[in-house]
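# Per-entry structural report
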Amino acid sequence: MKLWKASRLADNHGTANGSGAAQAATPWHALDLEQIVALLSTDADHGLSKAESEARLAEYGPNIITAAKGPSWFRRLAAQLNQALVLILIAAGAVTAALKEWVDAGVIFGVVIINAIVGYLQESKAVKAIEALSRAITIEATVVREGQRFRLPAAQLVPGDLVVLQAGDKVPADIRLTYSRDLRVDESALTGESLPVDKQLTPLSEDTPLADRTNMVYATTLVTAGQGEGIVVATGDRTEVGRISQLIASAHEIKTPLTRKIAQFSKLVLYAILALAVVTFIIGVVRGQPWVDMFIAAVALAVGAIPEGLPAAVTITLAIGVSRMARRRAIIRKLPAVETLGSTTVICTDKTGTLTQNQMTVVQIVTPGTPDKPKIYHVTGSGYSPEGQIIEQALESLGTAAAQSSTDSSPARNLALEETIRAGALCNDASLYLEEGSWRISGDPTEGALLVAACKAGMCQEDLLHQTPRVDTLPFESQHQYMATLHRFAHSPDTRVAYIKGAVEKVVARCAWQMTPDGSLTAFLDSEKSAVEHLTAQMAREGLRVLAFARKDLPAYTEEITHREVDDGLVFLGLQAMIDPPRQEAKEAIRTCHTAGIHVKMITGDHALTAAAIARILGLHDPRCATPTEIKVATGADLATLTDEELAKVADETYVFARVTPEQKLRLVTALQSQDHVVAMTGDGVNDGPALRQADIGIAMGIAGTEVAKEAADMILTDDNFATIEAAVEEGRGVFDNLKKFITWTLPTNLGEGLVIMAAIFAGVALPILPVQILWINMTTAVLLGLGLAFESKEPGIMERAPRDPKAPILDRVLVGRIVIVGALLLAAAFGLYEYAERTGHSLAEARTVANNVFVFGELFYLFNCRSLSLASWRTGLRGNRVLVGGVAVMIGLQLLYTYLPAMNTLFQTAPLPVKTWARILAASFAIHLIIEAEKAVRRRLGQNRRSPAAC
Ligand code: ATP
């Protein structure tokens with residue numbers, strides 16, 4: 001008891017680290033169970049009381065690890081200064097100051113500081129948006145309190161809590177194990193050990209290093225197999241991982257392949273421009289121009305031509321995309337997925353819950369009858385309400401029971417039926433409860449449906465468990481396709497019984513006997529097994545999900561159930577068939593994917609015929625075919641016989657894969673990728689990790705998915721719905737469009753400014769725009785105009801184009817051509833009007849102000865060209881993007897101040913302009929807009945002529 005008190009004291013008075021040291025000092029791995037229970041004042045069977053857990057939560061705080069603080073704001077701000085362009089500016093500012101051009105030097109330094117602040121704010125906003133999303137994903141834990149199991153947010157765990165672990169869970173705190181059943185844990189995140197570690201219970205010596213403490217499991221590690229139970233010994237920052245919280249700090253990387261590519265591109269341009277600036281300087285000086293003028297010209301060239309805003313704009317556009325996806329229920333875990341989504345060519349999706357509603361209802365039960373005539377029951381009622389009847393019906397009406405059942409409402413007692421229902425309720429981890437007047441389930445909906453059916457038969461789980469308490473469980477795993485539980489009889493201790501439920505072929509193959517209606521057992525002949533499979537096929541063809549049930553009596557000493565106990569000699573009890581209606585929105589989303597050139601493939605663990613029936617309803621077929629073709633199904637057994645080359649072909653041509661194991665999912669992803677597909681793949685199980693990681697976009701289910709699957713995924717669906725994947729792809733395409741729009745908009749300014757400077761040097765005239773003026777133009781337009789493009793909504797028809805080729809350059813020939821045209825037009829307009837102003841008696845300051853305004857208004861009108869890269873600008877409307885319109889209004893206001901405010905005139909060497917000069921500036925700028933619209937119109941016409949019909 002002393003130790004417990006000591007650690008409490010340390011917790012209350014120490015810092016997180018101090019208390020961590022106190023708890024870490026307790027060698028939990030070296031103590032035996034009794035000592036741990038005593039130290040933590042808990043109960044190894046019933047857990048804490050609710051009151052005690054609340055008190056401890058108040059005392060210890062939530063079980064959350066504080067992420068390590070990143071670099072301070074000052075360092076992050078300073079990092080903004082460490083950019084090539086900024087360094088050039090600082091050098092230029094220093095030289096300008098040395099030349100005693102105090103105003104210019106002041107403006108340059110002012111711009112450097114403002115630029116750093118704007119960059120810092122934008123980056124912080126992007127990082128914050130992405131981090132907020134990672135917090136939106138909460139981890140849950142199964143905890144036992146007062147002898148009852150609960151699913152709780154892991155944040156509510158306290159020291160002393162009794163926690164239940166199973167394959168797929170993320171360990172929610174540091175836990176000393178009290179029970180381990182083949183428990184294996186992936187501790188690589190903590191210890192670096194790549195192989196999962198087998199866990200056991202024996203106390204270890206005190207000096208055992210962390211990686212070898214096999215009787216402990218640590219927060220954030222992943223359970224890859226088996227089951228376990230244990231007592232929480234440390235939570236939050238007092239856990240091992242909390243004490244080295246840098247592990248958590250790297251929450252989100254804001255760099256992606258695309259941002260890296262763009263950063264590289266910017267760097268390349270930077271070096272090219274610097275070289276050009278040096279050459280210009282040298283040529284000018286050699287040609288006899290004053291070196292000071294040439295220095296200013298070289299600086300102007302560098303400042304104007306370097307696309308410094310590009311990397312930040314890309315990050316911000318991606319961050320906005322991430323928030324938009326979150327609003328549509330797709331949480332991005334890894335930023336590169338935002339880019340990849342737009343190029344997805346195949347979506348491989350689960351069936352249950354993703355394409356279907358996962359609201360199962362048992363509608364038929366079949367039990368052995370006479371050899372050629374099984375007994376078939378129709379189950380009435382809907383949803384999870386336990387109101388309904390189980391009515392025997394004639395064989396002929398199988399599958400269309402509601403319409404034509406010839407029923408007998410008072411059938412003779414059928415013990416096989418009772419046993420089938422009992423097996424369904426006992427071999428079951430779900431629970432059914434009434435909340436706010438409606439019936440709900442917690443756990444697997446398949447199991448929930450079985451509980452509802454049992455209640456309809458008057459056999460509620462609670463009573464059954466009272467009569468036959470559960471001793472052990474063999475949990476359901478996708479690769480085995482069945483689950484088994486071991487029970488003892490409360491009133492007859494001499495036997496144990498195992499109940500098994502699972503995929504029909506798996507269960508039936510293990511049965512040697514079958515139960516007849518009077519409860520006697522007869523041999524289960526191969527012909528009868530075939531008849532059961534035939535019946536299953538008949539029900540599956542109607543889209544029903546069919547499960548088989550069996551039991552086996554075992555000796556009283558049996559304490560554990562393993563695959564060996566249920567491998568053979570089972571007694572077949574019957575079948576239960578349930579409906580799981582397809583999601584209407586999935587059908588529409590699939591159609592949208594087809595028009596977008598995306599193939600949708602179903603990869604399910606369910607029966608081939610059930611899968612095919614659902615696929616038919618949803619319209620899953622080759623999108624290249626105008627009319628649906630016959631649905632071909634490949635089963636896991638088929639795939640197992642194929643070589644990699646054969647599989648690649650089958651994977652490409654088949655749209656439904658059934659009875660597929662997680663390992664085969666991995667093979668399928670690789671096969672599709674070998675056909676140059678960009679693959680998005682869903683997964684929820686503990687073994688889906690490798691396939692999710694291999695896929696270009698791994699998608700985990702937020703509701704039904706295991707923590708292991710979520711950990712491996714790039715994206716998590718908070719509603720487990722296929723339509724959300726389609727929405728995310730749509731957003732992904734929109735993000736990429738907006739990036740292209742920004743780049744196509746921003747580069748011509750750099751080009752135009754660079755060309756104007758060079759033209760002036762080669763023509764031997766004064767610079768039409770000065771370095772500080774260029775800084776003004778670039779900074780204000782990038783923030784006020786360019787950023788608005790990141791908020792542009794998706795264009796109509798975005799899902800009618802083919803997926804983007806990930807190998808294609810970001811800008812195609814058309815856009816490069818457009819950038820060159822606009823750059824040249826800006827040169828012509830700015831230089832032309834500058835020269836005109838000079839020659840018509842305007843001052844140099846006025847002429848420069850004209851050139852400045854041509855750039856700003858040219859960009860402003862061109863911005864409206866860029867709102868759609870192909871559609872006419874009038875089609876995008878003004879109201880759709882308030883950020884952009886607001887930015888334009890502020891920009892116009894600022895530009896008027898820049899031109900007319902005396903202080904601005906002094907700072908930037910500008911001068912007020914007469915009204916008629918504005919007419920020329922606006923006319924020239926608008927002409928650029930019109931020319932680009934004409935170019936877009938011509939391209940649209942050419943594009944229409946080239947469009948070829950879809951091939952099947
Ligand atoms: P999907 O892969 O589309 O989610 P699924 O749920 O059918 O579909 P799995 O979870 O791999 O895929 O299940 C495979 C088969 O195992 C099911 O068709 C069913 O026969 C059986 N099964 C599913 N859930 C359970 C369960 N809780 N207990 C026993 N058997 C189950």
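Residues numbered from 1 in each chain as written. Predicted model: local features only at pLDDT ≥ 70, side-chain atom pairs only at ≥ 80, totals over all residues. Heavy atoms only, no water.

## As for the overall build of the protein
Heads up, the condition is: Here a helix means four or more residues in a row that DSSP labels H or I, a strand means two or more in a row labelled E, and each is numbered from the N terminus. Each residue is assigned to one of three classes by its accessible area relative to the maximum for its type, calculated with a 1.4 Å probe on protein chains only: buried under 20%, partly exposed between the two thresholds, exposed over 50%. All accessible-area figures derive from a Shrake-Rupley calculation using a 1.4 Å probe, and residue coverage is judged against the displayed protein chains alone. Residues scored as charged are limited to Lys and Arg (positive) and Asp and Glu (negative), so that His and the chain ends carry no count. For the purpose of locating charges, the reference atoms are NZ of Lys, CZ of Arg, CG of Asp and CD of Glu.
Along the backbone of the protein there are 34 helices and 27 strands. Taking the principal axes of the C-alpha coordinates as reference, the protein spans close to 115 × 75 × 50 Å. With 952 residues in all, the protein has 53% of them scored as buried. Here the protein has roughly 40600 Å² of accessible surface; of this, 58% comes from carbon and sulfur atoms. Of the charged side chains in the protein, 89 are positive and 100 negative, and the gap between their average positions amounts to 8 Å.

## Some remarks on the site of the ligand
What counts, and what does not: Here a residue counts as near a molecule or strand whenever at least one of its heavy atoms sits within 4 Å of it. Definition of a polar contact: a pair of N or O atoms within 3.5 Å, with one able to donate and the other able to accept a hydrogen when the atoms are protein atoms, and with sequence-neighbouring residues admitted only if both atoms are side-chain atoms. Amino acid classes used here: Ala, Val, Leu, Ile, Met, Phe, Trp, Tyr, Cys and Pro are nonpolar; Asp, Glu, Lys and Arg are charged; the rest, including Gly, are polar.
What surrounds the ligand is a group of 18 residues, the closest being Lys351, Thr352, Arg545, Thr604 and Gly605. Thr352 places a side-chain nitrogen or oxygen 2.9 Å from an oxygen atom of the ligand. A distance of 3.0 Å is found between a nitrogen atom of the ligand and a side-chain nitrogen or oxygen belonging to Lys501. Every element with two or more residues in the shell around the ligand is listed here: strand E17 (495-503) and strand E20 (545-555). The element that contributes the greatest number of residues to the shell around the ligand is E17, accounting for three residues. Here the shell around the ligand is composed, by residue class, of four nonpolar, six polar and eight charged.

## Overview of helix H13 (residues 310-327)
To keep things clear, this is the line we draw: Expected helix span is computed as 1.5 Å times (number of residues minus one).
Between its terminal C-alpha atoms H13 stretches 26 Å, which fits the 26 Å expected from 18 residues at 1.5 Å a residue. When you tally the buried positions in H13, you get 13 out of 18 residues, the bulk of the element. Count one or two residues on from H13 and you reach Arg329, which has phi positive near 75 degrees.

## Some points on the pattern of salt bridges
Applied cut-off: A carboxyl oxygen of Asp or Glu within 4 Å of a side-chain nitrogen of Lys or Arg is what we treat as a salt bridge.
Applying the stated criterion across every chain, the model contains 38 salt bridges. Residue Lys501 pairs with Glu447 through a salt bridge whose shortest N-O separation is 2.7 Å. Pair noted here: Lys501 is in strand E17 and Glu447 is in helix H17 (residues 445-456), with a separation of 54 residues, a long-range link. By relative accessible area, which is 6% here, Glu447 ends up buried. Measuring nitrogen to oxygen at the nearest pair gives 3.0 Å for the salt bridge that ties Glu795 to Lys741. Of this pair, Glu795 sits in the loop between helix H29 (771-784) and helix H30 (813-839) while Lys741 sits in helix H28 (residues 722-763), and the two are 54 residues apart along the sequence. Summarising the burial analysis for this pair, Glu795 and Lys741 share the class buried.

## Examining the packing of aromatic side chains
In plain terms, the rule: Two rings from Phe, Tyr or Trp (for Trp, the six-membered ring) form a pair when their centres are within 6.5 Å of each other. A pair whose planes differ by under 30 degrees is stacked, one over 60 is edge-to-face, and the rest are tilted.
Under the counting rule described, the total for this entry stands at eight aromatic pairs. Centre to centre, the rings of Phe524 and Phe572 are 4.9 Å apart; their planes meet at 5 degrees, and the pair counts as stacked. Taken as a pair, Phe524 in the loop between strand E19 (521-523) and helix H20 (526-541) and Phe572 in strand E21 (residues 570-579) lie far apart in primary sequence, 48 residues in all. Across the pair, exposure class does not vary: Phe524 and Phe572 are buried alike. Ring centres of Phe861 and Phe926 lie 5.4 Å apart, and the angle between their planes is 70 degrees; on these two criteria the pair is classed as edge-to-face. With a gap of 65 residues between them, Phe861 in helix H31 (residues 844-866) and Phe926 in helix H34 (residues 915-946) connect regions that are remote in the sequence. What makes Phe926 partly exposed here is its relative accessible area of 37%.

## A closer look at the sheet that holds strand E8 (residues 330-332)
As a reminder, the rule being used: Think of it this way: DSSP has to see at least two bridges between two strands before they count as a pair. Where helices are involved, their axes are fitted lines through C-alpha atoms of the stretch in contact, as for all axes, and angles between N-to-C directions lie from 0 to 180°. Working rule for contacts: check all heavy atoms of both residues, and any pair within 4.5 Å makes them a contact.
Taken in spatial order, the eight strands line up as E8-E27-E26-E25-E9-E22-E24-E23 in an open sheet, and their pairing is mixed. Whereas interior strands pair on both sides, the edge strands pair on one side only; in this sheet they are E8 and strand E23 (633-635). Direction aside, neighbouring strands of the sheet carry axes that sit 20 degrees apart on average. Judged from the three bridges that link them, strand E9 (residues 346-349) and strand E25 (residues 679-683) form a sheet pairing that is parallel. Paired with Cys348 across the strands is Met681, a residue of E25. Against the sheet, helix H25 (residues 662-674) touches E9, strand E22 (599-603), strand E24 (656-658) and E25, its axis set at about 170 degrees to E25.

## Digging into the confidence of the model for the protein
How we decide: pLDDT: the predictor's confidence for each residue, scored from 0 to 100.
Mean pLDDT over the protein: 86, with 91% of residues reaching 70 or higher. Contacts of residues 395-409 to residues separated by more than four positions or lying in other chains number 28 contacts, the stretch itself having pLDDT below 50.

## Here's the deal with a nonpolar patch on the surface
The test is simple: Each patch is assembled from residues with relative accessible area greater than 30% and no salt bridge, linking like charges that lie within 9 Å and nonpolar side chains (Val, Leu, Ile, Met, Phe, Trp, Tyr) that lie within 5 Å.
Among the surface-exposed residues, Leu87, Ile90 and Phe109 lie close enough to one another that they form a single nonpolar patch of about 230 Å² accessible area. Along the chain, Ile90 turns up in helix H6 (residues 84-98).

## Considering the pairing of E22
The side chains of a regular strand alternate, residue by residue, between the two faces of the sheet. Counting buried residues along E22, five of its five residues qualify, which places the element largely inside the surrounding structure. What you see with E22 is no split at all: His599, Lys601 and Ile603 on one side and Val600 and Met602 on the other are buried throughout. Examined bridge by bridge, E9 and E22 share four bridges and lie parallel to one another. Paired with Val346 across the strands is His599, a residue of E22. Direction of pairing for E22 relative to E24: parallel, over a ladder of two bridges. Its bridge partner lying in E24, Met602 is registered against Val656.

## Details of the packing of H29 against H31
To describe two helices that pack against each other, one gives the angle between their axes and the distance between the axes. Heads up, the condition is: Any angle between 65 and 115 degrees counts as roughly perpendicular, while under 35 counts as roughly parallel, over 145 as roughly antiparallel, and the rest as oblique. For any pair of crossing helices, the crossing counts as left-handed if the nearer helix is rotated counterclockwise from the farther one by less than a right angle, and right-handed if it is rotated clockwise.
Here H29 crosses H31 at 20 degrees, and the two axes come no closer than 11 Å. Relative to H31, the element H29 lies roughly parallel. For the crossing formed where H29 meets H31, the hand is right-handed. Across the interface between the two elements, Gln773, Ile777 and Thr781 from H29 touch Arg848, Asn852, Phe855, Val856 and Glu859 from H31. The residue makeup of the contact of H29 with H31, split by class, is three nonpolar, three polar and two charged.

## A short note on the environment of Gly424
As for its position among the elements, Gly424 is in helix H16 (residues 415-426). Separated by 496 residues in sequence, Gly424 and Arg920 place their C-alpha atoms 83 Å apart. Excluding residues within four positions of it along the chain, Gly424 makes contact with Leu450, Phe549 and Gln576.

## Side note on the pairing of strand E10 (residues 361-370)
The element E10 is extensively covered by neighbouring structure, given that eight of its 10 residues are classed as buried. As paired elements, E10 and E21 share five bridges and run antiparallel to each other. Each bridged residue has a counterpart across the sheet, and for Ile365 the counterpart in E21 is Gln576. Of the pairings in the sheet, the one linking E10 to strand E11 (residues 373-379) comprises five bridges and is antiparallel in character. What sits directly across from Thr370, in E11, is Lys373.

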